[in-house]
Amino acid sequence: MIDIELLRGDPEKVKKGVADKQFDVSLIDKALQLDKKRRERLQEVENLRANRNKFAKEKNIEEGKRVKAELQKLEPHLEEAEKSFNEVFNQIPNSPLPQVPVGKSDKENVEVRRWGEPRKFDFEPKDHLQLGKNLGILDFETGAKVAGSQFYFWYGDGALLELSLIQFAFEILSKEGFVPVITPDLAKARYYMGTGYLPRGKEAQTYEIKNEDLGLTATAEVTLAGKHADEVIAEDKLPLKYIGYSHCFRQEAGAYGKYSKGLYRVHQFTKAEMFIYCKPEESEAMHEHILAMEEKIYQELALPYRVLEMCTGDLGAMAARKFDIEAWMPTRGEYGEVTSTTNCTDYQARNLNIRLKRKDGKTESLHMLNGTAIATSRTPLAILENYQQADGSVVIPDVLRKWMGKDRMVVGSK
RNA sequence: GGUGAGGUCGCAUAGUCCGGUCUAGUGCGGAGGUCUUGAAAACCUCUGUAGUCAUUUUUGGCUACCGUGGGUUCGAAUCCCACCCUCACCGCCA
């Protein structure tokens, strides 16, 4: 949620952010109106409670009974008013940072830079599904048999590739002060909702567990954000930097289209995710830091990529600023998303009640950021397609060889 | 899964049987002060969070919060119900 003081103090500013994000601007006036109503009811109820407490202290049982009856009538009105307010208020998205390019949709995202040259093939490159099948390392048929469509098995060098990529990311990032964490793959509703992963509706992302207040997490962001919920963190403990490992589960309801085949869009993958809690004044630098780490990873893997900054219309509710890295995907003939890093500023922190305590004792909401290091669906896709050879083998990127124990995946090996 | 103990204002602990004197005591930690050449010690004072109203800053009033959610009562940390979590032991198990 946004800062309510900002809403009351400068509604026009909030409106601009909401409009730039292509959200419904009428939310603002509605929220202000409901806020006013809510506060009126709150005054009524609090005055009655003050009376109740006074009579209780005086042991004035008659008057106490009278006030009690009145309270029983008015308290539901207050509850109702707060519920209506929260419903609208929680729909107001985070404001974009001022330097974010304004645009209506993903078509207006801005390319920031490119790194590396897409490889020129002197043969017809195969897609990762064909390569994986020929090498005997990737099997969607058996995945569909056992778990349904868009599930898969990795075998042999494919399984080793996933493990190597995670090792590689953890090695780089732990050297940079990110604390390695292995997180639960399930979380309570409060946490996946608080981080913005919706279980139902047109774009449901989370799978829910029957008869439990639990869902499969779509990313370790959920658990790493939940980790410090309801905490007050001393200023000198910040920034907290984590590199989390988890399996990620996505319903991908309604997500179909030309890139829905193969590893680009799957229901389960493994991910190494960066997560940072920091002071508001350092969050932009931390965002750059995460992006720099992501670029370092793809440079060391020698995968050509470009960096994209999301325009206001493509930020979603949580983000104040967001960058994606897109790696070159040869059989598509274009770049495809492999990482995403978001500065949520204080929006998530307010949802999860996470605060920072300054040296002078004052508390305020802190800033929270996340970013993909490696997702073991799309990164192996890019490696298979970019590193393939004419004979159907796939060269292993230098930095992964120490964990793979070999320099090439060949047909017939395991 | 079973049995037992427990969850209290940063940390630790008292209070819960017997509801009002708990506007939650004490110790530690933190801030300020006295004393001192300086420091330590001692002593004194202050020290939770959120909301809301009033106020020029300051500040003050009120409300809520003793794991969570309900209930009983004029009044609940305290009584009742349900749930969650922690610890110990038992069972099962990689």
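Taking an unreviewed UniProt entry as the reference, chain A is identified by name as Serine--tRNA ligase belonging to Candidatus Woesebacteria bacterium GW2011_GWA1_39_8. The record held by UniProt for chain A lists under Subunit (unreviewed entry) the comment "Homodimer. The tRNA molecule binds across the dimer." According to its UniProt record, chain A has this under Pathway (unreviewed entry): "Aminoacyl-tRNA biosynthesis; selenocysteinyl-tRNA(Sec) biosynthesis; L-seryl-tRNA(Sec) from L-serine and tRNA(Sec): step 1/1."

Peer 1: Give a description of the sheet that holds strand β13 (residues 334–343) that names residues and reports values.
Peer 2: Ordered by their spatial adjacency, 8 strands build an open sheet running β1-β11-β12-β13-β16-β10-β9-β4, and the pairing between neighbours is mixed. Strand pairing shows two members of the sheet lacking a second neighbour, β1 (110–115) and β4 (179–182), which therefore form its edges. The sheet shows a mean angle of 25° between the axes of neighbouring strands, taken without regard to direction. Sheet topology places β4 next to strand β9 (residues 240–249); 4 bridges connect them, and they run parallel. Within β9, the position partnered with Val179 by the bridge is Tyr242. Against the sheet, helix α7 (residues 156–175) contacts β4, β9, β10 (268–278) and β16 (367–375), and its axis sits at roughly 10° relative to β10. Relative to strand β12 (residues 321–329), helix α12 (residues 378–386) is tilted by about 30°, and along the sheet it contacts β12, β13 and β16.

Peer 1: Could you give an account of the pattern of salt bridges, with specific residues and numbers?
Peer 2: As enumerated under the stated definition, the model contains 30 salt bridges in all. Across the salt bridge formed by Glu70 and Arg66, the nearest N and O atoms sit 3.1 Å from each other. With Glu70 and Arg66 both in helix α4 (residues 61–89) and 4 residues apart, this pair spans about one turn of that helix. Residue class for Glu70 comes out partly exposed when judged on its relative accessible area of 29%. For Arg66, a relative accessible area of 42% corresponds to the partly exposed category. For the salt bridge of Asp230 with Arg190, the shortest nitrogen-to-oxygen distance reads 2.9 Å. Residue Asp230 is located in the loop between α9 (220–226) and β8 (232–234), and its partner Arg190 is located in helix α8 (residues 189–194); the two are separated by 40 residues in the primary sequence. Residues participating in the shared-partner salt-bridge network are Glu5, Arg8, Asp35, Arg38, Arg39 and Glu82.

Peer 1: Got a sec to walk through the domain arrangement of chain A? Specific residues and values, please.
Peer 2: According to the domain assignment, chain A contains domain 1 (4–89) and domain 2 (106–409). Computed over C-alpha atoms, the centres of domain 1 and domain 2 are 40 Å apart. Across the contact, 4 residues belong to domain 1 and 7 residues belong to domain 2. For the pair domain 1 and domain 2, the two sides together bury roughly 400 Å², of which 53% comes from carbon and sulfur. Three residues stand out in domain 1 for area buried against domain 2, namely Asp20, Lys21 and Phe23, and they jointly supply 87% of the buried area on that side. Where domain 1 meets domain 2, there are 0 salt bridges. Looking at the side of domain 1 that touches domain 2 residue by residue, the classes come out as 1 nonpolar, 1 polar and 2 charged.

Cut-offs used in this document
- Residues numbered from 1 in each chain as written.
- Chains lettered and ligands numbered in written order.
- Predicted model: local features only at pLDDT ≥ 70, side-chain atom pairs only at ≥ 80, totals over all residues.
- Heavy atoms only, no water.
- UniProt positions renumbered as here; feature names shortened; annotations may be inferred.
- Pairing = 2+ DSSP bridges.
- Helix = DSSP H or I, 4+ residues; strand = E, 2+ residues; numbered from the N terminus.
- Axes fitted to C-alpha atoms, helices over the stretch in contact; angles between N-to-C directions.
- Contact = heavy atoms within 4.5 Å.
- Salt bridge = Lys/Arg side-chain N within 4 Å of Asp/Glu carboxyl O.
- Buried < 20%, exposed > 50% of the residue type's maximum accessible area, 1.4 Å probe, protein only.
- Domains from an automatic or database assignment.
- Buried area = accessible area lost by both parts, 1.4 Å probe.
- Nonpolar A, V, L, I, M, F, W, Y, C, P; charged D, E, K, R; others polar.

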